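Residues per chain, in single letters:
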Amino acid sequence: MSQERQTDAAPALFLAEGELAALVDELAAADVEVIGIVEAAAASPAAAAADVLHGRPALEYRVLPPGVTPLLGPGMPRLSLKGFFLPQTEALFGWRQHGADVGIERSAAATRPRVALGVKPCDAAALEIVDHVMNWDYADDPWNERRAATTVFSLACPVEDSSCFCAAVGLAPDTARGADGLLTPVTGGWVVEPTTEKGAAFVAAHAERFGPAAPALVAEGAERRRTAAERVRANLEIDADSVRDWIAGHFDDPELAALGVRCHGCGACAFVCPTCHCFDIVDETEGVGRGTRRRLWDTCQTGKFTVHASGHNPRDDQNARFRQRVNHKFSIYPLRFGEVLCTGCGRCSRECHAGQDLVEILGAIDVAARRPEAAVAAADGGEA
Amino acid sequence: MSTPVTGREPRPTPTIYEPSLMTVVDLVDETVDTRTLRLEFNDEGLRESFAFRAGQFGEYSAFGAGECTFCIASPPTRAGALECTFKTVGKVTAALRELNVGDTMGFRGPYGNWFPVDDWHGKNVLFVAGGIGLAPVRCVIWNVLDRRDEFGDVTIVYGARSVDDLVYKRELEEWAGRADVNMVTTVDPGGETPDWDGRVGFVPTVLGEVAPSAKDAVAVVCGPPIMIKFSFPVLADLGFADDDVFTTLEMRMKCGVGKCGRCNIGPYYVCKDGPVFSATQLKTLPPEY
């Protein structure tokens, strides 16, 4: 479900800091749900405690309560935006038993319009990447309904830290992929550039909040974006095509097979990942004769994910499971859908207790893929 | 983080995850722990329109326990109802076993690819199966037998650990009694009973002894991974080309429609690119299976 792009770039607009609260109020008044980044501590004592531990406030995407404006500045929410499209748990349908008969009660479709303001570009881009698997044959209605109901404005990213590597996977800290427009922080507010019809319609519907962007502000924004792009390129540069082919041809490579040696198999990397979309389907009973079938986030990093009824497990050790994660993201998905299943947000590296670092791992694979013999092996269809 | 459900009205149409309701119309205990359910769609329109190809699978729901993946064990040539055969090993299969005639369960499907039966016109067909692996093969056997004059010789080599573990016992007798089927039944050494008049030996060994000709022939193989592994070299020795040998893979699945990521192995989603694979394709799989 790729968003329709406007061919001609519309003139840039400006949202002044002072207009943000009014914009959010206007949306609330129109019964539009606003999603934005907030300090999680405000909502939860546990998050407040974690902030003391980490020495900085934890950020999360939230549906904004009345009167709260989203943070439109630096900072990476711990979880990606994914949960607003593929919730951690969602009801697929309910069922009621009446004697020998069963009745199915459908869940509600996501029809209420939503606007996500100030999304990390890597999180918005993930939506368009995951669209492939959600629609390559059977269409995943719950996902598509939420996509259709949501207008997304990304916020040009200053690049958070050394775990960021969006440029290495073909994106950029100011990409508007998967979004309907881009906000760029400048002095006194944000330069606003809608990139889809949906984005243009949103801006048009709230025209009083937006003014024309002065050329000096547009230039300031462009300079910030250029600097950020330079910074993230310094973190990691790889040849994604060579990496894809090398992984496909080196299934049994000792380096690749040993990647998971430090991995605990906790699955945090998958849960914080904006593109990991694997899920489980379970029945939750509610007393006798009624219940709900739910879909929940799942991860390929646990042994139970693939174990057969017979007890046989195709991926029965952590190395095999970690290799599958790298394989799926950087080889299987690009071979199947034409692009890597990763936006370089760096969350998996930041959250890993064991210190597994995708920047390091991809760098190592890239080096291996550049060795002269790698090209030969890939051409031969690998060593397997 | 919880995301509120933002809609207010139930969806007018089902999502891909909503099963169709079916009623159990018959059940047969194949072995002490293996049962076949015969199912009919509750919806009359679906009963008429439901079509599938030999080798496709479905997701079977026991409401309250969840869903399980089995092949459709009855042939597409016999419309009106479908059958599944399962061994009671976990929560869902235990709940499915609780169902009686008249009870309601759920079905999603048909999913996946199928055996290229239509390409086999005029060919000899060899079936090799072990244990409950006969279930998907049975679908193809009946499909071929229901269109008997389109094919050459039909040979079935089927074995199980013991006489008690043989499934579809009445059909094994029926096939053995047919002049147009060469039926070979075997049990593993030690699994025979005093009155057992079939062969004794592992399926790959017996397959070598029977030595069906590979000339103008295709082979369908299904059973435990170990049986498949040892049957392939025997078939190769008999002269079967890898392109003419087909099997159906078991992988843990949830969605069945290429989304949940579980059955992904090598470049394949078994639920979409399979479950039917040729031996040529199998040899390109990473050595995980």
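Draft legend 1. Seen up close, the sheet that holds strand β1 (residues 20-29) of chain B. Residues and elements named next belong to chain B. Spatially, six strands are ordered β4-β3-β6-β1-β2-β5 in an open sheet, and the strand pairing comes out antiparallel. The open sheet is flanked by β4 (66-71) and β5 (82-87), the only strands paired with a single partner. Strand-to-strand, the axes of this sheet are offset by a mean angle of 40°, without reference to chain direction. Sheet topology note: the strand β3 (residues 57-62)/β4 ladder contains six bridges and is antiparallel. Each residue of the ladder has a partner; that of S61, found in β4, is E67.

Draft legend 2. Fine view of helix α3 (residues 134-146) of chain B. Residue and element names in this part refer to chain B. For α3, with 13 residues, the first-to-last C-alpha span of 17 Å sits near the 18 Å given by 1.5 Å per residue. With 10 of 13 residues buried, α3 lies mostly within the body of the structure. Residues of α3 that are buried: L134, A135, P136, V137, R138, C139, V140, I141, N143 and V144. Looking at the buried positions of α3, the neighbouring elements they touch are β4, β5, β7 (124-130), β8 (154-160), β11 (217-222) and β12 (245-248).

Draft legend 3. Highlighting the confidence of the model for chain A. On average, residues of chain A score 90 in pLDDT, and 92% of them reach the 70 mark or higher. Low confidence marks residues 1-7 of chain A, where pLDDT is under 50. Its contacts with residues over four positions away, or in another chain, come to 17 contacts.

Draft legend 4. Geometry of the interface of chain A and chain B. The interface of chain A with chain B comprises 59 residues on the first partner and 45 residues on the second. Where the side of chain A that touches chain B is concerned, the elements lending two or more residues are β3 (59-63), β4 (89-98), β5 (101-106), α3 (121-135), α4 (141-149), β11 (279-285) and α10 (318-337) of chain A. Here the side of chain A that touches chain B gets six residues from one element, more than from any other, and that element is β11 of chain A. Here the residues of the side of chain A that touches chain B sort into 33 nonpolar, 12 polar and 14 charged.

Draft legend 5. Spatial organisation of the domain arrangement of chain B. Residue and element names in this part refer to chain B. Along its sequence, chain B is carved into domain 1 (20-111) and domain 2 (117-248). Counting residues at the interface gives 16 residues for domain 1, matched by 16 residues for domain 2. Split into classes, the residues belonging to the side of domain 1 that touches domain 2 amount to seven nonpolar, six polar and three charged.

Draft legend 6. Local environment of the pairing of β11 of chain B. Residue and element names in this part refer to chain B. β11 sits mainly inside the fold: six of its six residues count as buried. Side-chain alternation along β11 places A217, A219 and V221 on one buried face and V218, V220 and C222 on a second face that is also buried. Both β7 and β11 contribute to a ladder of six bridges, which runs parallel. Within β11, the position partnered with F127 by the bridge is V220. Bridge count for β11 against β12 is three bridges, and the pairing is parallel. Residue pairing across strands places A219 opposite V245, the latter belonging to β12.

Draft legend 7. Up close: the nonpolar core. The biggest cluster of nonpolar side chains holds 183 residues, and the ones touching the most others in it are F127 and A219 of chain B. Here this core takes nine residues from α3 of chain A, the largest share from any one element. Every residue in contact with F127 of chain B, bar those within four places of it in the chain, is listed here: V137, I141, T155, I156, V157 and V220 of chain B.

Draft legend 8. Representation of the confidence of the model for chain B within the structure. Taken as a whole, chain B shows an average pLDDT of 93; of its residues, 97% reach a score of 70 or greater. Between residues 1-7 of chain B, whose pLDDT stays under 50, and residues either more than four places distant or in other chains, the model counts 21 contacts.

Draft legend 9. Looking closely at the domain arrangement of chain A. All names here are of chain A. Domain boundaries in chain A define domain 1 (13-86 + 108-235) and domain 2 (240-275 + 305-379). Centre-to-centre, using C-alpha coordinates, domain 1 lies 28 Å away from domain 2. Contacts between the two partners involve 23 residues from domain 1, matched on the other side by 19 residues from domain 2. With eight residues, α3 is the single largest residue contributor to the side of domain 1 that touches domain 2.

Draft legend 10. Quick look at the sheet that holds β3 of chain A. All names here are of chain A. One open sheet holds the eight strands; their spatial order is β3-β2-β6-β7-β8-β9-β1-β10, and the pairing between them is mixed. At either margin of the open sheet sits one strand with a lone partner, and together these are β3 and β10 (210-212). Sheet twist, expressed as the mean angle between neighbouring strand axes with direction ignored, is 30°. Direction of pairing for strand β7 (residues 150-155) relative to strand β8 (residues 181-186): parallel, over a ladder of three bridges. Opposite F153, over in β8, you have G181 as the bridge partner. Lying over the sheet, helix α1 (residues 17-29) contacts β1 (13-16), β2 (33-39), β6 (114-119) and β9 (189-194), oriented at roughly 90° with respect to β1.

Parameters at a glance
Residues numbered from 1 in each chain as written. Chains lettered and ligands numbered in written order. Predicted model: local features only at pLDDT ≥ 70, side-chain atom pairs only at ≥ 80, totals over all residues. Pairing = 2+ DSSP bridges. Helix = DSSP H or I, 4+ residues; strand = E, 2+ residues; numbered from the N terminus. Axes fitted to C-alpha atoms, helices over the stretch in contact; angles between N-to-C directions. Expected span 1.5 Å × (residues − 1). Buried ≥ 20, exposed ≤ 12 C-beta atoms within 10 Å, placed from the backbone. Contact = placed C-beta atoms within 7 Å. pLDDT = per-residue confidence, 0-100. Nonpolar A, V, L, I, M, F, W, Y, C, P; charged D, E, K, R; others polar. Domains from an automatic or database assignment. Core = buried A, V, L, I, M, F, W, Y, C linked by C-beta atoms within 7 Å.

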